[in-house]
Amino acid sequence: MGAPAGMLATRDYVESYLPEDAPLHAARARAAELGCRPISPAGGATLRFVASLIAAKSVVELGTGTGVSGLWLLRGMREDGVLTSVDTESEHQRAARQTFTDAGVAAGRYRLISGAALDVLPRLTDGAYDLVFCDAAKTEYTDYLVEALRLLRPGGLVVFDNMLWHDRVADAAARDPDTVAIRDTGRQVRDNDDLVPVLLNVGDGLLAALYRP
């Protein structure tokens, strides 16, 4: 049974509230060609909002894709901010570089690292980042949380995408590995006394948490 028409209309209204521009549309077209599933427009706007709210200068992104979420983040960060984005697919990162170029983002404002997140994250500096955005392998989300808490400065944010996972997280009967890992991550964030979390019903679900040790 699908969502009522009114709920769908409301979701569409939220997603279209802040229209995306040509570079983001082009990035989404590249994502469709490469089989990526980027963050939704409302999710991207939320990333820009939180990055702006904390005046983020140093941000880590897990899952570059074609640069949709990265561009939203860069647009919310300080003008001298640097985005470090990690992805296993070099083809995706080439597409993301084109996205950033199309949007007029200076090359010095981002670094794209090709590799598995759990191989790259241990090489990054403790307490040096304002925001960590996680949108890579769902089964590794709990591991990303551990690494994010090491990387974040006090007052920084960790954000996870796909935290509703196509409405499966709320379905107790759904027990596939991705869904279970996402549920576990949600519980760990909720139960961590050093985190102030909020779960947002935008796109496929965003979980944001302020790190307050």
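Rules used throughout
The residue numbers shown here count from 1 along each chain, following its written sequence. Local features in this predicted model are restricted to residues of pLDDT 70 or higher, and side-chain atom pairs are both shown and tallied only at a pLDDT of 80 or more, whereas totals for entire chains, interfaces and linings draw on every residue. Hydrogens and water molecules were not included; the side-chain quantities draw on all heavy atoms of the structure. Labels follow the DSSP assignment, with helices taken as runs of H or I lasting at least four residues and strands as runs of E lasting at least two, numbered in each case from the N terminus. Our radius of gyration looks at C-alpha atoms and nothing else; its globule reference is 2.2 Å times the residue count to the power 0.38. For the exposure calls, accessible area comes from a 1.4 Å probe over protein chains only, and a residue counts as buried if that area is under 20% of its type's maximum, exposed if over 50%, partly exposed in between. To get an axis, a line is fitted to the C-alpha atoms, and for a helix only the part in contact is used. The angle between two axes follows their N-to-C directions and goes from 0 to 180 degrees. Working definition: roughly parallel below 35 degrees, roughly antiparallel above 145 degrees, roughly perpendicular at 65 to 115 degrees, and oblique for all remaining angles. Should the near helix be turned counterclockwise from the far one by less than a right angle, the crossing is left-handed, whereas a clockwise turn marks it as right-handed. We call two residues in contact whenever any of their non-hydrogen atoms come within 4.5 Å of each other. All residues other than Ala, Val, Leu, Ile, Met, Phe, Trp, Tyr, Cys, Pro, Asp, Glu, Lys and Arg, Gly among them, are scored as polar; the first ten of these are nonpolar and the last four charged. In this scheme, strands are said to pair when DSSP sees at least two bridges between them.

**Some thoughts on the overall build of the protein chain**
So, step 1. Within the protein chain, the secondary structure is distributed over 8 helices and 7 strands.
So, step 2. Taken over the C-alpha trace, the protein chain has a radius of gyration of 16 Å; the compact-globule value for 213 residues is 17 Å, and the two agree within 12%.
So, step 3. Along the first, second and third principal axes, the C-alpha set of the protein chain runs to 45 × 40 × 30 Å.
So, step 4. Sorting the 213 residues of the protein chain into buried and exposed places 48% on the buried side.

**Some words on helix H7 (residues 141-151)**
So, step 1. Most of H7 sits out of view: 8 of its 11 residues are buried.
So, step 2. Buried residues of H7: Tyr141, Thr142, Tyr144, Leu145, Glu147, Ala148, Leu149 and Leu151, and no others.

**A closer look at the packing of helix H2 (residues 22-34) against helix H5 (residues 90-102)**
So, step 1. The N-to-C vectors of H2 and H5 enclose an angle of 165°; their axes lie 9 Å apart at closest approach. Viewed along their axes, H2 and H5 adopt a mutual orientation that is roughly antiparallel. Here H2 runs over H5; the crossing is right-handed. Mapping the contact onto sequence places Pro23, Ala27, Arg30 and Leu34 in H2 and Glu91, His92, Ala95, Gln98, Thr99 and Asp102 in H5.
So, step 2. Its residues placed into classes, the contact of H2 with H5 shows 4 nonpolar, 3 polar and 3 charged.

**Considerations on the sheet that holds strand S1 (residues 58-62)**
So, step 1. As summarised here, the arrangement of the 7 strands in space is S3-S2-S1-S4-S5-S7-S6, forming an open sheet in which the pairing is mixed. Pairing within the sheet leaves two strands with one partner each, and these edge strands are strand S3 (110-114) and strand S6 (195-200). For this sheet the average axis-to-axis angle between neighbouring strands, irrespective of direction, equals 15°.
So, step 2. Taken together, the 5 bridges between strand S2 (residues 82-87) and S3 define a ladder with parallel strand orientation. Considered in S3, the bridge of Val86 is made with Ile113.
So, step 3. In this fold helix H3 (residues 41-53) packs onto strand S4 (129-134), strand S5 (152-161), S6 and strand S7 (206-211), with an angle of close to 165° to the strand it touches most, S4.
So, step 4. Packed onto the sheet, helix H4 (residues 68-76) meets S1, S2 and S4 and runs at close to 165° relative to S1.

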